[in-house]
Amino acid sequence: MNPQAKLIFVLSLMLGTTITISSNHWATAWAGLEINTLAILPMISKSHHPRSIEAATKYFLTQAAASALVLFSSMTNAWHTGQWDITQLTHPVSCLILTSAIAIKLGLAPFHFWFPEVLQGSPLTTGLLLSTIMKFPPITLLLMTAHSLNPTLLTGMALLSAALGGWMGLNQTQTRKILAFSSISHLGWMAIIISYSPKLTLLNFYLYVMMTATVFLTLNSAKVLKLSTLMTTWSKTPSLNAMLLLTLLSLAGLPPLTGFLPKWLIIQELTKQDMMLAAMVISLLSLLSLFFYLRLAYCATITLPPHTTNHMKQWHNNKPIHCSIAILTIMSSMLLPISPLLSTIT
C-alpha cells in the first residue's frame, strides 16, 4: 500500500475514534463511527485477495447495519424525549436497539458471527487494529449509556459471549480465528460488569488491548498464521516464543500474571453485587478459552514438529526483537503487584 494512503487511513482512524469518544451528541458519535469504518476498509482489502475482499464486504455490511441501528435508536429516543444527548438515553425501545447496535459493533454474542471471518481475511496488523482500536469507540458509547441499559440483558449476552468464545475456539487451527474468539470471550468479561463498575470495564479493556497487541505483534514478527507454522518457530526465534508463552498465559488469566488482575477484580465486584451464580458460571466458562491458550502455548514452545531434522538446522536467525514487543510482554506479565493501586482507582 502507498505510504501516503496508509498515513491518511491511520490519521482517519485516529480522527474517527477521537470524534466518537469526545462527542456528546448522537450525530457526531455516528459520524466518528462512520469515519472509522471507511478508514479501515482499504486496510482490510489491501492484499486484493478474494478472501480479503470478502472480509471487507462482510465488515462493511455489518458495520453499516450497526450504524443504522445507532441512528434509529437515537432518533427514537429524541422523538419521545426531545434529547440528543448520549447520556440522556432513557426510552426503553431505544435502549434495546442501542444494545443490539453496540453488540454488533463490538462482536458480542449473539452478533459475533462476522468477527472471526473478517479477522481471518485481514493481515495481522489490520487484525490488531480491528481487535483493539476499532473496539474503543463502541466501548465508550456503552460506558456512557450503561446506566440506562438493561443489566440482565447485558449479563446474558456476556455469559453467551464467554461460552461461545471459548467453545468455538477449541477446534481452530488458524491463529487469527483463535484470537477472534479470544476477543469475543474477553468482551463477555467486560460486558458483565459494565452496569455495576464502568471503570473496571475500562481497566479490563486496557489490559486486554495491551496483551492482545503483544500477541499480534509477536505473531507478525514471526510470520505465523497457522498452528503448524507456530510449531517450527521455536528453532528460529526461541526468545520470542518464550515471550509469547508468557503473554498467552496472561491472556488466559493465570496468576501471577497481569491477565489475572481484571478477572479477579470482576469476580470480586460480582460477588459484592450478589451475583455469585454469574461469577461462578463465567469463571467456569473461562476454562474453555484457557484450553486453546494452553494449546497455542504448547505449540509455540513444547511441541516438536514431525520433521524436526530440517528445522533443527535453522537455528537462531539473529533477527532482533523489537523493543515494543519486549516492553509490552513485560507489562503483560508483571503488572499484578500494582493491583492494590488499581483497585483503589476502580
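Residues numbered from 1 in each chain as written. Predicted model: local features only at pLDDT ≥ 70, side-chain atom pairs only at ≥ 80, totals over all residues. Heavy atoms only, no water.

A. Looking closely at the overall build of the protein. Scanning the protein for helices and strands turns up 17 helices and zero strands. Rg of the C-alpha trace for the protein: 20 Å, near the compact-globule value of 20 Å for 346 residues, within the 12% margin. Seen through its principal axes, the protein has C-alpha atoms that stretch 70 × 50 × 35 Å. Scored against the burial criterion, the 346 residues of the protein give a buried share of 52%. (Helix = DSSP H or I, 4+ residues; strand = E, 2+ residues; numbered from the N terminus. Rg over C-alpha atoms; globule rule 2.2 N^0.38 Å. Buried < 20%, exposed > 50% of the residue type's maximum accessible area, 1.4 Å probe, protein only.)

B. Highlighting the domain arrangement of the protein. Here the protein is partitioned into domain 1 (1-131) and domain 2 (150-345). Listed per partner, the contact involves 22 residues of domain 1 and 27 residues of domain 2. The contact between domain 1 and domain 2 buries some 2100 Å² in all, and 76% of this surface belongs to carbon and sulfur atoms. Linking domain 1 to domain 2 there are one salt bridge. In this structure, glutamate 117 engages lysine 177 in a salt bridge whose closest nitrogen and oxygen atoms are separated by 3.4 Å. Counting the contacts that link domain 1 with domain 2 gives six residue pairs in polar contact (both at pLDDT 80 or more). (Domains from an automatic or database assignment. Contact = heavy atoms within 4.5 Å. Buried area = accessible area lost by both parts, 1.4 Å probe. Salt bridge = Lys/Arg side-chain N within 4 Å of Asp/Glu carboxyl O. Polar contact = N/O pair within 3.5 Å; in protein donor to acceptor, adjacent residues only side chain to side chain.)

C. Region of the structure containing the pattern of salt bridges. According to the stated counting rule, one finds four salt bridges in the structure shown. Put simply, glutamate 54 and lysine 58 hold a salt bridge, and the shortest N to O gap is 2.8 Å. Here lysine 58 and glutamate 54 lie together in helix H3 (residues 50-81), a separation of four residues that amounts to about one turn. With a relative accessible area of 35%, glutamate 54 lands in the partly exposed category.

D. Up close: the packing of aromatic side chains. Across all of its chains, the model carries six aromatic pairs by this definition. Plain terms: the ring middles of tyrosine 59 and tryptophan 114 are 5.6 Å apart, the flat faces sit at 65° to each other, and that makes the pair edge-to-face. Taken together, the residues tyrosine 59 in helix H3 and tryptophan 114 in helix H5 (residues 114-120) connect sequence positions 55 residues apart. Using a relative accessible area of 3% as the deciding quantity, one classes tryptophan 114 as buried. Taking 5.7 Å as the distance between ring centres and 10° as the angle between the ring planes, the aromatic pair formed by phenylalanine 136 and phenylalanine 205 counts as stacked. Placement of the pair is phenylalanine 136 in helix H7 (residues 136-145) and phenylalanine 205 in helix H10 (residues 198-222), with a sequence separation of 69 residues. Taking the relative accessible area as the measure of exposure, phenylalanine 205 reaches 3% and is therefore buried. (Phe/Tyr/Trp six-rings, centres within 6.5 Å; stacked < 30°, edge-to-face > 60°.)

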